[in-house]
Each structure stands twice: as structure tokens, then as C-alpha cells.
Amino acid sequence: MRHGIAIAMSAALIVGAATPASAAPIGTAALSTCNNWRSYNGADVPSYGTNISCVMRRGNTGKGVFQLQVTMNVCYDYVLAIQGVYPLTADSQFGPSTEKALRAVQRAVSETDDGIYGPATRNAMLHQGSNGAGCKFI
């Protein structure tokens, strides 16, 4: 039985490796793009209006991207430094450097490194505390 599980897991990894990075993860296709940020449970989190269940990927712009960039600089400076993208420019543009930084953060928090900020990444990572109160999980 163990061999069957190992084979199934290996097959899933091979199939998953063929999925293009631009494909939306299951469950994120219907979510709105984070276009703002809000304070949520004591942390500043990208949002769509007041809804924190939103997504961002390369090509997005705005306040949500800015907050993600600031959060990664504040809470993951050591991870970004290893990747050569610290300090990440907080320019509200989700470009190649932001994607590279997010992929590094996703790996650091044991999340799929697809370069897409969505609910799974949001829940796995630390966020900048509201009013500069350190970093925290939400």
C-alpha cells in the first residue's frame, strides 16, 4: 500500500510540475484582485475593499501590491536578501522582482511557490502589524 501512495504522490508532482506558473491555483480564479489594504486582526493586509480574500499576480498594480511589498520588506527581509531583492522597491507594481520575492516567501513558509498572492499564501505568511507593531500571523 505504501508503494501505491508513493507512486501516486510522484505522479502528482510530475503533473504539477507541468502546470504553467501563470495558471490560477484552484479556488483563486473567481476571487477579486486585491486593490487596497485594510487592518485585519491587528495586521495590514491586501484586500479588495474590505474583503481580504483576494488575489494578486504579476501585472497587478495598486495599494494591495504596495502593502504586500512593504510587508515582505518588513517581515521577510532576510529571505529577500538571500534572493538579492532586498530592499524590494515598494512601487505598487507587481513586476518580476515582486514575483521573485513572493516566490521566496512562499518557499520560506512551505507554501506552493507559484508567485500568486491568494488566501493560502495570506494565511501562511506573516503580515506587517498595524501601526508598525512588528509582524504577525492573521
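Residues take numbers from 1 onward in each chain, read along the sequence in its written order. Local features in this predicted model are restricted to residues whose pLDDT is 70 or higher, and side-chain atom pairs enter the listing and the counts only when it is 80 or higher, whereas totals over whole chains, interfaces and linings include all residues. Based on all heavy atoms of the structure, the side-chain values leave hydrogens and waters out of the count.

**Digging into the overall build of the protein chain**
For clarity, the threshold we go by: Elements are defined by DSSP. Helices are runs of H or I of four residues or more, strands are runs of E of two residues or more, and each kind is numbered from the N terminus. We call a residue buried when its accessible area falls under 20% of the maximum for its residue type, exposed when it is over 50%, and partly exposed in between, using a 1.4 Å probe and counting protein chains only. Whether two residues are in contact is decided by their heavy atoms: any pair within 4.5 Å suffices. Using the Shrake-Rupley algorithm and a 1.4 Å probe, accessible areas are obtained, with residue cover drawn only from the displayed protein chains.
Across its full length, the protein chain carries five helices and six strands. Its helices and strands in sequence order give the protein chain the pattern α-β-β-β-β-α-α-α-α-β-β, from N to C terminus. The buried share among the 138 residues of the protein chain stands at 37%. A separation of at least 24 residues holds for 51% of the contacts in the protein chain among residues at least 6 apart in sequence. Carbon and sulfur atoms make up 57% of the accessible area of the protein chain, which totals about 7500 Å².

**A short note on the nonpolar core**
Heads up, the rule is: Among buried residues, the Ala, Val, Leu, Ile, Met, Phe, Trp, Tyr and Cys ones that are joined through side-chain atoms within 4.5 Å form a nonpolar core.
Of all hydrophobic cores here, the largest spans 23 residues; its most connected members are Leu68, Met72, Tyr117 and Met125. Going through the elements one at a time, strand S3 (43-47), helix H2 (63-75), helix H3 (77-83) and helix H4 (96-108) are the ones with two or more residues in this core. Residues in contact with methionine 72, not counting those within four places in the same chain, are Asp77, Leu80, Leu88, Thr98, Ala101, Leu102, Val105 and Met125.

**Here we look at the confidence of the model for the protein chain**
Spelled out, the test is: One number per residue, pLDDT, summarises how confident the predictor is, and it ranges from 0 to 100.
Model confidence for the protein chain is summarised by a mean pLDDT of 84, while 79% of its residues fall at 70 or above. Ranking the helices and strands of the protein chain by mean pLDDT puts H4 first, with 98, and helix H1 (residues 2-17) last, with 35.

**Thoughts on the state of the cysteines**
Joining two cysteines, a disulfide is a covalent bond between their sulfur atoms. As a reminder, the rule being used: In this description, a disulfide is simply a cysteine sulfur pair whose atoms lie within 2.5 Å.
Applying the stated criterion to the full structure yields two disulfides. What pairs with cysteine 34 in a disulfide is cysteine 54, and their sulfur atoms sit 2.1 Å apart. Looking down the S-S bond of the cysteine 34 and cysteine 54 bridge, the torsion is 100°, so its handedness is right-handed. With a gap of 20 residues between them, cysteine 34 in the loop between strand S1 (32-33) and strand S2 (36-40) and cysteine 54 in strand S4 (residues 54-55) connect regions that are remote in the sequence. Covalent S-S linkage joins cysteine 75 and cysteine 135, the inter-sulfur distance amounting to 2.1 Å. With the S-S bond torsion at -100°, the cross-link from cysteine 75 to cysteine 135 turns out left-handed. Of the two residues, cysteine 75 is situated in helix H2 and cysteine 135 in strand S6 (residues 135-136); the sequence distance between them amounts to 60 residues. According to the relative accessible area criterion, cysteine 135 is partly exposed, its value standing at 32%. Along the protein chain, the cysteines engaged in disulfide bonds are linked according to the scheme 1-2, 3-4 when indexed in sequence order.

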